[in-house]
Amino acid sequence: MAPGLRVGLLGYGVVGRGVAQILDARGDVEIRKILRHTPDKVTEARMTANADEILDDPDIDVIIECMGGLEPAHTYVMRAMQAGKHVVTANKKMLATHIIEIAAACETLDKKCRFEACVGGGIPWIHEILHIRRIDAVTSFRGIFNGTTNYILTRMTEEHASFAEVLAQAQAMGFAEQDPTDDVDGFDARYKGVLTCAAAFGRVPDPEEVPTFGIRGIAPCDLDYARVHGRVIKLVARGSFDGGRLALTVVPTMVREKDPLASVHDNFNGMEAESTTLGRSFYAGQGAGSLPTAHAMVQDLLSIPHPYSIDVHPSGKLAKRPAVYYVRGAKRGPLAELTAQDTGAAILTKPVSLQELKEHLVPEEGQKVFAAEIES
Ligand SMILES: NC(=O)c1ccc[n+]([C@@H]2O[C@H](COP(=O)([O-])OP(=O)(O)OC[C@H]3O[C@@H](n4cnc5c(N)ncnc54)[C@H](OP(=O)(O)O)[C@@H]3O)[C@@H](O)[C@H]2O)c1
């Protein structure tokens, strides 16, 4: 389908420019129009600041959405499908929030919505999950889905530096946003976990319901504790589905030094899937960046005729998955009934769900709480 395709590009930032660069170099796919935010940014004949010119253009077959944000991206995607266009998106936040509605629209309107670039940049992770599902049931996955936090954790581990120092360094180098909330508090990994659940299990939770704990409270002493115990701390999203209940968490995790996730450094992503006949399979690579992400979007574009589609249903209430946690900076009292061991500097919990643990975390005076799952 690719040669002769006509594309409307929504968004011309880091990713949108990468997509234009790849498509212009190929020459077999016409970018008919590019949406710019405001008229003063309309600097080429193919640019417009009027979304209707793209969404209502019957000669555009596919929109490539790389604007970001919930609105108007969600409205544009729905309008495009209703107008008979396929969609390729990099917008994990929008898609994780509206995936049930968008998947239903794909089904009724017989349109495709491809989202490889939403999860793991150019790895390609979603493609591999769908590929595995042609033969197997995927039973679980876990992975490092956020490059910014992985960069921060790597630098803190290697330089023994504080979270604040490394975050500032990452912002200066363009690896972290000026408002790093989505990354450091685990929300970005949560959206990617939700979308992986859609591809792997055909079940999705409400993103707001996913127990999530970020790395904002981490200190060098936590990394020291992990190292002394042969562990490395990574921000891990982990999902599983037993055919009945779905479980999904995002939480810093002490993985063993020999674990493949431990060797995923800097801003790279790494993910592992477990399925019935393939067993464990591991994927790693550039999780973001202009051209790797654009590469994933162009691959999606080229694969629109491919029969892969996702059948997605709401997961209902998430299952609670018990684990042992390391907790520092929290008041002992509220944690008393969950405590298995007090090391003085931190406590180790009995097996408890992240949902339940979070309800018992009250910061000590002047402290930030840090919690990490100790992987069994
Ligand atoms: N950057 C990455 O490495 C990466 C990786 C994977 C996924 N993503 C996802 O890709 C999406 C885009 O990311 P990005 O890094 O390319 O962001 P970005 O550099 O900020 O670019 C966003 C673009 O969208 C345009 N835009 C925003 N709101 C608009 C509106 N209401 N109307 C028209 N245009 C609008 C802006 O246009 P103007 O230029 O005209 O202001 C801007 O160029 C996000 O969903 C992000 O999560 C990014």
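Scroll up a little and you will see the structure.
These figures come from a predicted structure and were not determined experimentally. (Residues numbered from 1 in each chain as written. Predicted model: local features only at pLDDT ≥ 70, side-chain atom pairs only at ≥ 80, totals over all residues.)

**Student:** Looking at this structure, how should I read the sheet that holds strand β7 (residues 138–144)?
**Tutor:** Ordered by their spatial adjacency, nine strands build an open sheet running β12-β11-β7-β9-β10-β17-β14-β16-β15, and the pairing between neighbours is mixed. Of all the strands in the sheet, just β12 (279–286) and β15 (339–342) have a single pairing partner and so form its edges. Direction aside, neighbouring strands of the sheet carry axes that sit 30° apart on average. The pairing of strand β14 (residues 324–328) with strand β17 (residues 370–374) spans five bridges and is antiparallel. From the neighbouring strand, V324 faces β17, where its bridge partner is I374. Of the strands in this sheet, β7, β9 (231–241), β10 (246–256) and β11 (268–275) are in contact with helix α9 (residues 187–201), which crosses β9 at around 40°. In the packing of helix α10 (residues 220–228) onto the sheet, contacts are made with β9, β10, β14 and β17, and the angle to β9 comes to roughly 80°. (Pairing = 2+ DSSP bridges. Helix = DSSP H or I, 4+ residues; strand = E, 2+ residues; numbered from the N terminus. Axes fitted to C-alpha atoms, helices over the stretch in contact; angles between N-to-C directions. Contact = placed C-beta atoms within 7 Å.)

**Student:** Before we go on, may I ask you to explain the packing of helix α3 (residues 73–82) against helix α4 (residues 92–109) in this structure?
**Tutor:** Geometrically, a packed helix pair is captured by the angle between its two axes and the distance between the axes. The geometry of α3 relative to α4 is characterised by a closest axis approach of 10 Å and an angle of 10° between their N-to-C directions. When the axis of α3 is compared with that of α4, the two are roughly parallel. In this structure, α3 uses A73, H74, V77, M78, M81 and Q82 to contact α4, whose residues at the interface are M94, H98, I102, A105 and L109. Its residues assigned to classes, the contact of α3 with α4 shows eight nonpolar, three polar and no charged. (Parallel < 35°, antiparallel > 145°, perpendicular 65-115°, else oblique. Nonpolar A, V, L, I, M, F, W, Y, C, P; charged D, E, K, R; others polar.)

**Student:** Would you mind going over the environment of L348 with me for this structure?
**Tutor:** Following the sequence through the fold, L348 ends up in strand β16 (residues 347–349). Here the alpha-carbon distance between L348 and A45, two residues 303 residues apart in the chain, equals 62 Å. In contact with L348, not counting residues within four places along its chain, are V324, Y326, A340, Q341 and T343.

**Student:** I tried to follow the site of the ligand on my own but got confused; where do I start?
**Tutor:** Around the ligand there are 23 residues in total, and G11, G13, H37, G68 and A288 lie nearest to it. Looking at the shell around the ligand element by element, the count peaks at three residues for helix α1 (residues 14–26). By residue class, the composition of the shell around the ligand is 10 nonpolar, 10 polar and three charged. (Near = placed C-beta within 6 Å.)

**Student:** Is there a simple way to explain the environment of I347 in this structure?
**Tutor:** Here I347 lies in strand β16. Residue I347 is classed as buried on the basis of its C-beta count, with 20 C-beta atoms lying within 10 Å. Taking the C-alpha atoms as reference, I347 lies 35 Å from F201; in sequence the two are 146 residues apart. (Buried ≥ 20, exposed ≤ 12 C-beta atoms within 10 Å, placed from the backbone.)

**Student:** What should I look at first to understand the sheet that holds strand β5 (residues 86–89) in this one?
**Tutor:** Sheets are built from strands paired through backbone hydrogen bonds, the pairs being either parallel or antiparallel. Across the sheet, which stays open at both edges, the six strands sit in the order β3-β2-β1-β4-β5-β6 with parallel pairing between neighbours. Each edge of the sheet is formed by a strand with only one pairing partner; in this case those strands are β3 (47–48) and β6 (113–114). Across two bridges, the pairing between strand β2 (residues 30–35) and β3 is parallel. Each residue of the ladder has a partner; that of L35, found in β3, is T48.

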